[in-house]
Amino acid sequence: MTIQGILSGIFVASEPGSLVSKRVKEARVLENGLEGDKHVGWFRKADARATRYPKGILIWNSRQISIVSEEELALIANDLGVKKIEPEWLGANLYLRSIPDISLLQPRTKLFIPNKNGGPEVGIYVTAPNKPCVGPGEVIQLHYPDVIGLASKIPKVAMNSIGVVAVVEHGGIVSSGSPVYVVVQ
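Below you will find a few notes about this structure. (Residues numbered from 1 in each chain as written. Predicted model: local features only at pLDDT ≥ 70, side-chain atom pairs only at ≥ 80, totals over all residues. Heavy atoms only, no water.)

### A few points about the overall build of the chain
So, step 1. Per the secondary structure count, the chain includes three helices and 13 strands.
So, step 2. At 16 Å, the chain has a C-alpha radius of gyration in line with the 16 Å of a compact globule built from 185 residues.
So, step 3. With respect to the three principal axes, the spread of C-alpha positions in the chain is 50 × 40 × 30 Å.
So, step 4. Evaluated residue by residue, the chain yields a buried proportion of 47% over its 185 residues.
So, step 5. In the chain, 69% of the contacts between residues at least 6 apart in sequence involve partners at least 24 apart.
So, step 6. Accessible surface computed for the chain: about 9,400 Å², of which carbon and sulfur atoms make up 56%.
So, step 7. Of note, the chain has its 20 positive side-chain charges centred 5 Å away from the centre of its 17 negative side-chain charges. (Helix = DSSP H or I, 4+ residues; strand = E, 2+ residues; numbered from the N terminus. Rg over C-alpha atoms; globule rule 2.2 N^0.38 Å. Buried < 20%, exposed > 50% of the residue type's maximum accessible area, 1.4 Å probe, protein only. Contact = heavy atoms within 4.5 Å. Areas by Shrake-Rupley, 256 points an atom, 1.4 Å probe, with all protein chains shown as cover. Lys, Arg positive; Asp, Glu negative; His and termini not counted. Charge placed at Lys NZ, Arg CZ, Asp CG, Glu CD.)

In C-alpha cells:
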C-alpha cells in the first residue's frame with residue numbers, strides 16, 4: 001500500500017547543545033543523514049533509549065532522521081492546550097502533511113521523495129517510533145511560559161504520536177513542497 005503526502009518542511013539541527021532545528025528550503029540527504037545535521041553519522045552515543053549499553057558508548061545510528069506530521073503535532077498541541085507546536089522545537093528533520101498517523105508506521109516502512117537532481121528517488125527507511133521525552137517539552141515550555149508543567153506532560157501526551165525515526169536508504173536532494181510516497185510493508 002502506498003500513501004501520498006507532502007514534504008511541508010525540512011529542518012537541520014546544527015547547533016551543538018541544542019535540540020532545536022532550523023527550517024531550510026532544501027537539503028542534501030547523505031547516505032547517513034541530512035548534511036549539516038548533528039544527527040548525521042553511522043554511529044551515535046548510547047543514551048537513555050539504549051538501556052543495554054553504557055551511556056556514551058558508540059552504537060549504530062538508527063536515528064539519522066526524525067519525521068513528524070502536521071496532523072499529529074496539531075493533536076498534541078490541542079491535548080496540551082496550546083496554540084501550536086512547531087517541528088523545529090522538537091528537533092525534527094522532515095515535516096509531512098496528509099500522513100496523519102505517521103507515528104503508527106512500522107519499522108521497515110519506506111518513504112520516497114523525488115530527487116531534485118533527477119535519478120532515483122531519495123529513500124528513507126523507518127527504524128522505530130520516536131519516543132517523547134522532556135527535552136522537547138522544555139523547548140515548548142519556553143514558548144508558552146504561562147502554561148505550567150508542559151515539559152513534564154509531553155512524555156505522556158505525545159506517546160505514540162510524535163513521529164518516527166529513520167535511516168537513509170538512498171541519498172539525493174529533497175525540496176520542501178515535494179510529494180512523499182509512503183510504502184507500507
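On we go.
### Comments concerning the pattern of salt bridges
So, step 1. Under the defined criterion, the tally for this structure stands at seven salt bridges.
So, step 2. E35 is the salt-bridge partner of R28, the closest N and O atoms lying 3.7 Å from each other.
So, step 3. On the basis of relative accessibility, which here comes to 39%, the residue R28 falls in the partly exposed class.
So, step 4. In this structure, K84 engages E86 in a salt bridge whose closest nitrogen and oxygen atoms are separated by 3.0 Å. (Salt bridge = Lys/Arg side-chain N within 4 Å of Asp/Glu carboxyl O.)

### Here we look at helix α1 (residues 70-80)
In an α-helix, one full turn covers 3.6 residues, which means residues spaced three or four apart are oriented alike.
So, step 1. Of all the residues in α1, the buried ones are E72, L73, I76, A77 and L80. One face of α1 carries all of its buried residues, which in axial projection span an arc of 140°. The exposed set on the far side of α1, more than 90 degrees from its buried face, consists of L75, N78 and D79.
So, step 2. The inward-facing, buried residues of α1 contact β7 (65-69), β8 (94-97) and α3 (150-157). (Arc of directions from axis to C-beta.)

### Description of unusual backbone geometry
So, step 1. For S98, which is not a glycine, the phi torsion comes out positive at approximately 75°.
So, step 2. With respect to the secondary-structure elements, S98 resides in the loop between β8 and β9 (110-113).
So, step 3. At N160, a position not held by glycine, the phi torsion is positive, near 65°.

### Quick look at the side chain of Q64
So, step 1. Within the fold, Q64 resides in the loop between β6 (58-60) and β7.
So, step 2. Accessibility expressed as a relative area gives 2% for Q64, which makes it buried.
So, step 3. Among the polar contacts listed, one links the side chain of Q64 to the backbone nitrogen of V168, at a separation of 3.0 Å.
So, step 4. The contact partners of Q64, leaving out residues within four places of it in the chain, are E31, N32, G33, D37, H39, G41, W42, N93, A166, V167 and V168. (Polar contact = N/O pair within 3.5 Å; in protein donor to acceptor, adjacent residues only side chain to side chain.)

### Comments concerning the packing of aromatic side chains
So, step 1. As enumerated under the stated definition, the model contains two aromatic pairs in all.
So, step 2. Arranged with centres 6.3 Å apart and planes meeting at 70°, the rings of F11 and Y95 form a pair that is edge-to-face. Taken together, the residues span a long stretch of sequence, with F11 in strand β1 (residues 2-12) and Y95 in strand β8 at a distance of 84 residues.
So, step 3. According to the relative accessible area criterion, F11 is buried, its value standing at 0%.
So, step 4. Overall, the relative accessible area of 11% leaves Y95 in the buried class. (Phe/Tyr/Trp six-rings, centres within 6.5 Å; stacked < 30°, edge-to-face > 60°.)

### What to know about the side chain of N130
So, step 1. If you trace the backbone, N130 turns up in the loop between β10 (122-129) and α2 (134-143).
So, step 2. One polar contact links N130 to R63, side chain to side chain, over a distance of 2.9 Å.
So, step 3. Sequence-distant contacts of N130, defined by excluding residues within four places in its chain, comprise R63, I162, G163, V164 and V165.

### Observations concerning the sheet that holds strand β3 (residues 26-30)
So, step 1. Here we have three strands laid out as an open sheet, ordered β4-β3-β12, and antiparallel in their pairing. The open sheet has two free edges, formed respectively by β4 (33-34) and β12 (172-175), since each of these has just one partner strand.
So, step 2. In this sheet, β12 lies alongside β3 in antiparallel orientation, the contact comprising four bridges. Bridging across to β12, A27 finds its partner in V174. (Pairing = 2+ DSSP bridges.)

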